[in-house]
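Residue-level listing of the chains:
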Amino acid sequence: MRILIVGGGIAGLTLAGLLRQRGIVARVVERRPVQRASGYVLGLWPLGSRVLKGLGLFEQLEAVSAPLDQFSTGDASGRVLASSRMPKIREAYGPIHMVERHELLGVLASGAGGLVETGIEVERLEQEGDVVVGFSDGSTARFDLVVGCDGVHSQVRERVFDVQPVSTGWTGWGWWMDRRLLEDVTMTEYWEPGRRFCALVPARNALCTFVGLPTQHVAPGEERDVLRTGLAGMGGLVPQAVAALDDSEEIFRTHFATVRLDAWHRGRIALVGDACSSFFPFGGLGIGASMAMESAAVLADELSRVDASR
């Protein structure tokens, strides 16, 4: 079966690895020219980590992650309102693994054979029994199935389903902090409903700040001033997070958007992950990544039961 996976992120690499395990070698293209370290820290829930067990990659995940010890929520002053060591989740399903996104991508890439063609975009999709795909390098190829795993701003979804992401009016910001500020793997969130949100998200050897503010348009070079103003007066560990802005070489920014579709496929073109069902990021602890991995596993299982004729 000839399968094209568009997107070399979590969903795409998971699907490629699972298909490879079943004897199907998919072609994977990624529009970014270089697969560099990107994103910050996410929590991989058991529904995602169990996929890695099936791929034989769970030990690799454990080597680059740390189980979440505790989750705390506080108000804008820094006062802790609730705290849990999450024993019920651990006992029933297993731990949530806190991992840097680029480390998780490295684990998944090893399962996919490490073969991702970067700097290539899909420019044309036409269904003629199979799918004719035109690429940005001028080449054309035919596939029995095309799977869009290219995120919230999916080009596959835009071309085939004509559905745009819906802005929430919020922007997410992230930057790194000194891991030594936390003794254990405790995630702490501080909220002022409707105005601002700040979380300290730890991994095995890293600690990042993730902030949500109801801002959209910020000029280049003004990011630090906007964040200092937006977080002014917050307590707890937020002042240390703000101080870390001075030492941050890069500040990650993403506009929060949601995607909802009534159908995840059209003919021989399908969508997986954020391309068809993105999650509002607050409180999810990486649930979107875990759901994308589980969805990829379901699709791979279904594809193993059919051939190109159906």
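K.L.:
Mind showing me how you'd approach the overall build of the protein chain here?
P.N.:
Along the backbone of the protein chain there are nine helices and 20 strands. At 20 Å, the protein chain has a C-alpha radius of gyration in line with the 19 Å of a compact globule built from 310 residues. Considering only C-alpha atoms, the protein chain reaches an extent of 60 × 45 × 35 Å along its principal axes. By residue count, 50% of the 310 residues in the protein chain fall in the buried class.

K.L.:
What exactly am I supposed to notice about the environment of leucine 125 here?
P.N.:
Its place among the elements puts leucine 125 in strand S9 (residues 122-128). With a relative accessible area of 19%, leucine 125 lands in the buried category. In this structure, the C-alpha to C-alpha distance between leucine 125 and phenylalanine 135, residues ten residues apart in sequence, is 9.3 Å.

K.L.:
In this structure, what is going on with the pairing of strand S10 (residues 130-135)? I would like to understand it.
P.N.:
Every other side chain in a regular strand lies on the same face of the sheet, so the side chains alternate between the two faces. Where burial is concerned, most of S10 is hidden: six out of the six residues are buried. Of the strand pairs in this sheet, S9 and S10 are connected by six bridges, and their pairing is antiparallel. Each bridged residue has a counterpart across the sheet, and for glutamate 126 the counterpart in S10 is valine 132. Between the end of S9 and the start of S10, which pair antiparallel, lie one residue, with glycine 129 showing a positive phi angle near 90°.

K.L.:
Help me out: how do you make sense of helix H5 (residues 101-111) in this one?
P.N.:
Taken together, the buried positions of H5 are Leu104, Leu105, Val107, Leu108 and Gly111. Here the buried residues of H5 occupy an arc of 160° about the axis, which is enough to place them on one side. Buried positions along H5 lie against helix H1 (10-21), strand S3 (41-44), helix H2 (46-55), helix H3 (58-64), strand S7 (97-100) and helix H9 (287-303). Immediately beyond the C-terminal end of H5, within one or two residues, lies glycine 113, with a positive phi of roughly 85°.

K.L.:
Sorry if this is basic, but what is going on with the nonpolar core here?
P.N.:
Most often, soluble globular proteins have nonpolar side chains that are buried together. One finds Ile3, Ile5, Leu15, Leu19, Leu52 and Leu104 to be the most contacted residues of the largest nonpolar core, which totals 37 residues. Those elements that place two or more of their residues in this core are strand S1 (3-6), H1, S3, H2, H3, H5, strand S12 (145-148) and H9. With residues up to four places along the chain from it excluded, the contact list for leucine 104 reads Ile10, Leu42, Leu44, Leu52, Leu61 and Val99. Core analysis: the next-biggest nonpolar cluster, separate from the first, contains 22 residues, Trp173, Trp175, Val211 and Met234 among them.

K.L.:
Help me out: how do you make sense of the pattern of salt bridges in this one?
P.N.:
Between side chains of opposite charge, a pair can form when the charged atoms approach closely. Evaluated as defined, the whole model comprises 15 salt bridges. Here glutamate 294 makes a salt bridge to arginine 50, at a shortest N to O gap of 2.7 Å. Of the two residues, glutamate 294 is situated in helix H9 and arginine 50 in helix H2; the sequence distance between them amounts to 244 residues. Residue classification places arginine 50 among the exposed residues on the basis of a relative accessible area of 52%. Each of Arg2, Glu128, Asp130, Arg142 and Asp144 takes part in salt bridges that share partners, so that together they form one network.

K.L.:
Help me understand the pairing of strand S13 (residues 166-177), please; the structure alone is not making it clear to me.
P.N.:
Bridge count for S13 against strand S17 (residues 252-260) is six bridges, and the pairing is antiparallel. In the sheet register, threonine 171 faces S17, and the bridge partner there is histidine 255.

K.L.:
Looking at this model, I keep getting lost on the packing of H1 against H5. Mind explaining?
P.N.:
The relative placement of two packed helices is expressed as an angle between their axes plus a distance between the axes. The contact between H1 and H5 brings their axes to 8 Å, and the two run at 20°. Comparing the axis directions of H1 and H5 gives the class roughly parallel. Two packed elements cross with a definite hand, and for H1 against H5 that hand is left-handed. Contact residues: Ile10, Leu13, Thr14, Gly17 and Arg20 in H1; Arg101, Leu104, Leu105, Leu108, Ala109, Ser110 and Gly111 in H5.

K.L.:
Teacher, can you tell me more about the sheet that holds strand S11 (residues 140-143) here?
P.N.:
Strands in a sheet are paired, the pairing made by backbone hydrogen bonds, and the direction either parallel or antiparallel. Ordered in space as S9-S10-S11, the three strands form an open sheet in which the pairing is antiparallel. Only two strands of the sheet have a single partner each, and these edge strands are S9 and S11. On average, each strand axis in the sheet is tilted by 20° relative to the strand beside it, whichever way the strands run.

K.L.:
Is there a simple way to think about the environment of leucine 15 in this case?
P.N.:
Here leucine 15 lies in helix H1. On the basis of relative accessibility, which here comes to 0%, the residue leucine 15 falls in the buried class. As for leucine 15 and valine 147, which are separated by 132 residues in sequence, their C-alpha atoms are 9.3 Å apart.

K.L.:
Before we go on, may I ask you to explain the packing of H1 against H2 in this structure?
P.N.:
Viewed as axis vectors pointing N to C, H1 and H2 meet at an angle of 30°, and their least axial separation amounts to 10 Å. Here H1 is positioned roughly parallel relative to H2, judged by the angle of their axes. The crossing of H1 and H2 is left-handed. Residue-level contacts link Thr14, Gly17, Leu18 and Gln21 of H1 to Val51, Gly54 and Leu55 of H2.

Thresholds, definitions, all that
- Residues numbered from 1 in each chain as written.
- Predicted model: local features only at pLDDT ≥ 70, side-chain atom pairs only at ≥ 80, totals over all residues.
- Heavy atoms only, no water.
- Helix = DSSP H or I, 4+ residues; strand = E, 2+ residues; numbered from the N terminus.
- Rg over C-alpha atoms; globule rule 2.2 N^0.38 Å.
- Buried < 20%, exposed > 50% of the residue type's maximum accessible area, 1.4 Å probe, protein only.
- Pairing = 2+ DSSP bridges.
- Arc of directions from axis to C-beta.
- Contact = heavy atoms within 4.5 Å.
- Core = buried A, V, L, I, M, F, W, Y, C linked by side-chain atoms within 4.5 Å.
- Salt bridge = Lys/Arg side-chain N within 4 Å of Asp/Glu carboxyl O.
- Axes fitted to C-alpha atoms, helices over the stretch in contact; angles between N-to-C directions.
- Parallel < 35°, antiparallel > 145°, perpendicular 65-115°, else oblique.
- Left-handed = near helix turned anticlockwise from the far one by under 90°.

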